[in-house]
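# Observations on chain architecture
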Amino acid sequence: MNLKSFWRKIWRMNAIPRVKTFMWKCIHDILPLNERMARILSYINKFFPLCGKNDETLNHILLNCEFTLRVLSQMGVTFTDYTGNHTDFHCWIQDWFHSDRMDNLGDLDWAGVLATICWGIWKCRCDVVFKKINPNPQRIGSKITNIISCNRRSRKEQMLNSPIHIVENTKPLATNLLAIKISITLKINNNSREGGLGLVLAAHAGNISKARCRNIEASSEEELEEEAASMTIQWAQQLNHPRVEIKGDNVKVLEAVGSKIGEMYKGCTQKDIKTLFCILKTLRSLVEFQSLKTS
């Protein structure tokens with residue numbers, strides 16, 4: 001795997017910041033492990049404190065220890081799903097981003113789950129060493145599960161409440177029968193399920209009046225397209241202009257806009273229906289044109 005690409009994926013994992021920092025330390029092999037310190041300080045016990053049976057190494061802590069297996073059992077994760085039959089930590093972590101398990105986890109990627117489990121095991125070890133807290137697999141498993149669930153909820157809220165950046169020209173659009181145009185640009189990162197949405201509002205002559213952009217995160221490409229369509233329609237309604245044309249290179253987004261506008265016909269006033277019909281008519285011709293371009 002390309003090193004730059006690997007680190008980008010590490011820092012973009014769906015996990016809290018302290019988990020990512022912990023993984024950075026693990027990958028660089030700079031954790032204060034007992035086995036390493038015992039080579040220098042003879043009074044250090046080199047065994048892993050959660051089991052007391054084997055040397056404290058990354059391979060043992062995260063891949064082989066009986067205590068780790070009991071924590072996984074409490075979380076409902078099988079040993080095979082967790083390790084992928086790997087015995088070396090650094091080979092294992094590279095395999096995280098080639099796994100298809102994330103397809104079964106919705107918006108919670110598998111790499112983030114594994115990283116959080118690793119961090120939870122290490123934190124339990126530190127609590128035993130520094131706070132003298134007795135290790136309890138059931139308690140640790142529940143705590144890790146709660147962290148993963150809370151992180152998922154916070155990421156969803158962050159996505160819904162992400163700010164919309166607005167750039168506005170000081171010269172307002174003239175309110176007349178000449179059409180104004182909203183151009184949609186949606187850039188999707190297939191690897192991280194992130195997208196960037198840009199909307200540009202221009203007058204009939206092409207003079208740009210406003211622009212809006214927003215980062216979007218979703219569990220699928222279809223959800224990104226739906227979000228782009230919703231934001232476009234919301235802005236078109238706020239403009240309250242008799243003729244709004246919507247353009248874009250993404251046929252699926254244009255189709256999603258048309259579909260949503262069709263649903264909005266119910267319960268609309270006569271004025272709203274005229275505006276929506278004008279938008280829908282423009283969209284149909286654009287979708288047909290874009291389909292011809294891609295065929």
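### Comments concerning the overall build of the chain
Within the chain, the secondary structure is distributed over 12 helices and five strands. Within the chain, the proportion of its 295 residues that are buried is 40%. Here the analysis covers contacts within the chain between residues at least 6 apart in sequence; of these, 62% occur between residues at least 24 apart. When the accessible surface of the chain is totalled, it reaches about 16,700 Å², and 52% of it is carbon and sulfur.

### Structural notes on helix 1 (residues 3–11)
Listing the buried residues of helix 1 in full gives Phe6, Trp7 and Ile10. Down the axis of helix 1, the smallest arc covering the buried residues is 95°, so these residues share one side. The inward-facing, buried residues of helix 1 contact helix 2 (17–27) and helix 7 (89–95).

### Examining the packing of aromatic side chains
Applying the stated criterion across every chain yields a total of six aromatic pairs. Arranged with centres 5.6 Å apart and planes meeting at 70°, the rings of Phe6 and Trp7 form a pair that is edge-to-face. Pairwise contacts between aromatic rings join Tyr82, Phe89, Trp92 and Trp96 into one cluster.

### Some thoughts on the side chain of Asp127
Note on placement: Asp127 falls in helix 8 (residues 110–131). When near neighbours in sequence (up to four residues on either side) are disregarded, Asp127 contacts Lys132 and Ile133.

### What to know about the pattern of salt bridges
All chains considered together, the criterion is met by seven salt bridges. Across the pair Asp127 and Lys123 runs a salt bridge whose closest N-O atoms are separated by 3.6 Å. Taken together, the positions of Asp127 and Lys123, both in helix 8 and four residues apart, correspond to about one turn of that helix. For Lys131, the salt bridge goes to Asp127, with nearest N and O atoms at 3.9 Å.

### Here we look at the side chain of Glu56
Examined against the element boundaries, Glu56 turns out to sit in the loop between helix 3 (34–37) and helix 4 (58–64). Here the side chain of Glu56 touches Arg125 through a polar contact of 2.8 Å, side chain to side chain. In contact with Glu56, not counting residues within four places along its chain, are Pro32, Leu33, Asn34, Glu35, Lys46, Phe47, Phe48, Pro49, Ile61 and Arg125.

### Some thoughts on the confidence of the model for the chain
Confidence in the prediction for the chain averages 75 pLDDT; 70% of positions are at 70 or higher. Contacts from residues 101–108, a stretch scored under 50 in pLDDT, to residues over four places away or in other chains number 20 contacts. Between residues 284–295, whose pLDDT stays under 50, and residues either more than four places distant or in other chains, the model counts 12 contacts.

### Quick notes on the environment of Lys25
Looking at the element boundaries, Lys25 is found in helix 2. Lys25 gets classed as partly exposed once you look at its relative accessible area, which sits at 36%. Setting aside chain neighbours within four positions, we find Lys25 in contact with Ile30 and Leu31.

### Structural notes on the nonpolar core
In terms of nonpolar packing, the biggest core is built from 47 residues, with Met23, Leu62, Tyr82, Trp92 and Trp96 touching the most fellow members. Of all the secondary-structure elements, those providing two or more residues to this core are helix 1, helix 2, helix 4, helix 5 (66–75), helix 7, helix 8 and helix 9 (137–160). Broken down by element, the residue count for this core peaks at 13 residues, all from helix 8. Each residue touching Tyr82, except ones within four places of it in the same chain, is listed here: Leu62, Thr68, Leu72, Val77, Trp92, Trp110, Leu114, Ile117 and Cys118. Judged by nonpolar contacts, the second largest core, of 22 residues, contains Ile182, Ile184, Ala236 and Val253.

### A closer look at the environment of Lys252
Here Lys252 is to be found in helix 11 (residues 251–264). For the pair Lys252 and Glu225, spaced 27 residues apart in sequence, the C-alpha separation works out to 7.0 Å.

### Observations concerning the environment of Phe79
Within the fold, Phe79 resides in helix 6 (residues 79–83). By relative accessible area, which is 37% here, Phe79 ends up partly exposed. Separated by 11 residues in sequence, Phe79 and Thr68 have C-alpha atoms that sit 9.3 Å apart. Look past the residues within four positions of Phe79 in its chain and what remains in contact with it is Leu63, Leu69 and Gly84.

Calculation rules
Residues numbered from 1 in each chain as written. Predicted model: local features only at pLDDT ≥ 70, side-chain atom pairs only at ≥ 80, totals over all residues. Heavy atoms only, no water. Helix = DSSP H or I, 4+ residues; strand = E, 2+ residues; numbered from the N terminus. Buried < 20%, exposed > 50% of the residue type's maximum accessible area, 1.4 Å probe, protein only. Contact = heavy atoms within 4.5 Å. Areas by Shrake-Rupley, 256 points an atom, 1.4 Å probe, with all protein chains shown as cover. Arc of directions from axis to C-beta. Phe/Tyr/Trp six-rings, centres within 6.5 Å; stacked < 30°, edge-to-face > 60°. Salt bridge = Lys/Arg side-chain N within 4 Å of Asp/Glu carboxyl O. Polar contact = N/O pair within 3.5 Å; in protein donor to acceptor, adjacent residues only side chain to side chain. pLDDT = per-residue confidence, 0-100. Core = buried A, V, L, I, M, F, W, Y, C linked by side-chain atoms within 4.5 Å.

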